[in-house]
Amino acid sequence: MKLDRRRFLKLSAASVGAVAFAGRAAALRAPWAVPRKWYAGEVRTVFSYCENCFWKCGIAVKVEGGRVRKIDGQKQNPKSRGRLCPRGQAGVAQLYDPDRLKRPLIRIEGSKRGEGKYREASWEEALDYVAERMLQIKERYGPEAVAWFGHGSGDSWFVEYLPAAWGSPNAAKPAVSICTAPRETASQWTFGRPVGGHEPVDWTESRYIVLIGHHIGEDTHNTQLQDFAEALRRGAKLVVVDPRFSTAASKAHRWLPIKPGTDLALLLAWIHV
Ligand code: SF4
């Protein structure tokens with residue numbers, strides 16, 4: 001019998017499914033298959049928030065024996081609604097990662113940049129070290145010779161207050177400048193208010209969604225993605241304008257891979273119609 005690719009894939013999927021099902025059925029029948037408790041002692045729930053991105057989902061952390069065992073979304077929290085993205089769930093692994101950076105590291109004297117040879121230092125030593133170098137630069141070249149770049153929710157201190165106190169105007173948030181800042185500024189000037197994190201639009205009741213250069217689904221902004229998925233589940237039509245076949249484009253009813261830089265022409269054409 002001639003086996004074409006489509007039929008081969010279909011058959012393979014069916015046999016893998018059958019094996020998996022048979023294995024699962026056997027496991028369910030086996031007396032030792034009763035799920036074992038993953039914990040030995042008392043499980044405490046500690047409420048906090050996830051800091052793996054700026055969405056800041058509320059989390060319910062399961063702690064047993066002084067160790068975090070699991071991280072769930074906090075049900076009452078509007079940023080997570082009881083769910084987390086994979087990055088948030090991986091917070092346990094991040095917490096106990098042997099390579100997690102917990103203390104300052106200073107490059108070993110005599111080693112070259114890029115060699116990756118460091119020694120651990122106390123915070124006091126590290127801060128003194130940085131302060132000393134900064135003062136040397138200030139003395140030699142002036143305060144503006146130090147430039148500051150920040151990103152994320154904690155960057156205000158680093159990019160706004162510290163350079164101002166230090167006397168350098170050279171502070172920037174490059175990632176924000178090419179991302180949300182133009183949108184927020186345009187919205188402020190046009191509508192009198194910024195758009196904000198989770199756009200105040202009726203996602204779930206939307207019948208027709210147009211995304212222009214918006215890679216929703218790849219940045220896992222938790223509740224935004226939940227609403228987006230819910231809108232699609234309810235039958236909303238989706239148009240994605242993106243030269244790249246993004247995750248959202250893969251869900252779209254129409255994917256418009258226009259040439260970069262022609263989005264204004266597209267919008268003007270739509271307005272004209
Ligand atoms: S979206 Fe994901 S990474 Fe960001 S705060 Fe929520 S769970 Fe954490």
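Refer to the structure printed above.
This is a predicted model, so every value here is computed, not measured. (Residues numbered from 1 in each chain as written. Predicted model: local features only at pLDDT ≥ 70, side-chain atom pairs only at ≥ 80, totals over all residues. Heavy atoms only, no water.)

Colleague: Please clarify how the packing of aromatic side chains should be interpreted in this entry.
Modeller: Between two aromatic rings, the relevant description is the distance of the centres plus the angle of the planes. On inspection of all chains with the given rule, the structure shows six aromatic pairs. Aromatic ring contacts, followed pair by pair, group Trp148, Phe158 and Trp166 into a single cluster. The ring of Trp166 has Lys138 lying over it, and the distance from NZ or CZ to the ring centre is 4.1 Å. (Phe/Tyr/Trp six-rings, centres within 6.5 Å; stacked < 30°, edge-to-face > 60°. Lys NZ or Arg CZ within 6 Å of the ring centre and 35° of its normal.)

Colleague: Help me understand the sheet that holds strand β8 (residues 208-212) in this model?
Modeller: For sheets, the rule is that strands pair by backbone hydrogen bonds, running either parallel or antiparallel. If you trace the three strands from one edge of the open sheet to the other, you get β8-β9-β10, paired in parallel fashion. The strands lining the two open edges of the sheet, one partner per strand, are β8 and β10 (254-256). Looking at each pair of strands side by side, their axes are set apart by 10° on average, direction ignored. Relative to strand β9 (residues 237-241), β8 runs parallel, the two being bridged by five bridges. Pairing of Tyr208 across the sheet is with Lys237, part of β9. The strands touched by helix α10 (residues 263-272) are β8, β9 and β10; relative to β8, the strand with the most contacts, the crossing angle is about 150°. (Pairing = 2+ DSSP bridges. Helix = DSSP H or I, 4+ residues; strand = E, 2+ residues; numbered from the N terminus. Axes fitted to C-alpha atoms, helices over the stretch in contact; angles between N-to-C directions. Contact = heavy atoms within 4.5 Å.)

Colleague: Please clarify how the pairing of β9 should be interpreted in this entry.
Modeller: Side-chain direction in a regular strand flips from residue to residue, so the side chains alternate between the two faces of the sheet. Among the five residues in β9, four count as buried, and that is most of the element. Regarding topology, helix α8 (residues 222-233) serves as the crossover connection from β8 to the parallel β9, and that connection is right-handed. Pairing between β9 and β10: three bridges, direction parallel. Residue pairing in the sheet places Val241 in a bridge with Leu256 of β10. (Buried < 20%, exposed > 50% of the residue type's maximum accessible area, 1.4 Å probe, protein only. Right-handed = clockwise from strand over helix to strand, strands pointing away.)

Colleague: I'm lost on the pattern of salt bridges in this one. Help?
Modeller: One side chain can pair with another of opposite charge once the charged atoms of both are near each other. Summed over all chains, the structure comprises 15 salt bridges. Between Arg81 and Asp227 there is a salt bridge, with its nearest N and O atoms 3.0 Å apart. Within this pair, whereas Arg81 is found in the loop between β3 (67-73) and α2 (86-89), its partner Asp227 is found in helix α8, the two being separated by 146 residues in sequence. Between Lys173 and Glu160 there is a salt bridge; the shortest N-O distance is 2.9 Å. In this pair, Lys173 is assigned in the loop between β7 (171-172) and α6 (174-177) and Glu160 in helix α5 (residues 155-166), connecting sequence segments 13 residues apart. For Lys173, a relative accessible area of 22% gives the class partly exposed. (Salt bridge = Lys/Arg side-chain N within 4 Å of Asp/Glu carboxyl O.)

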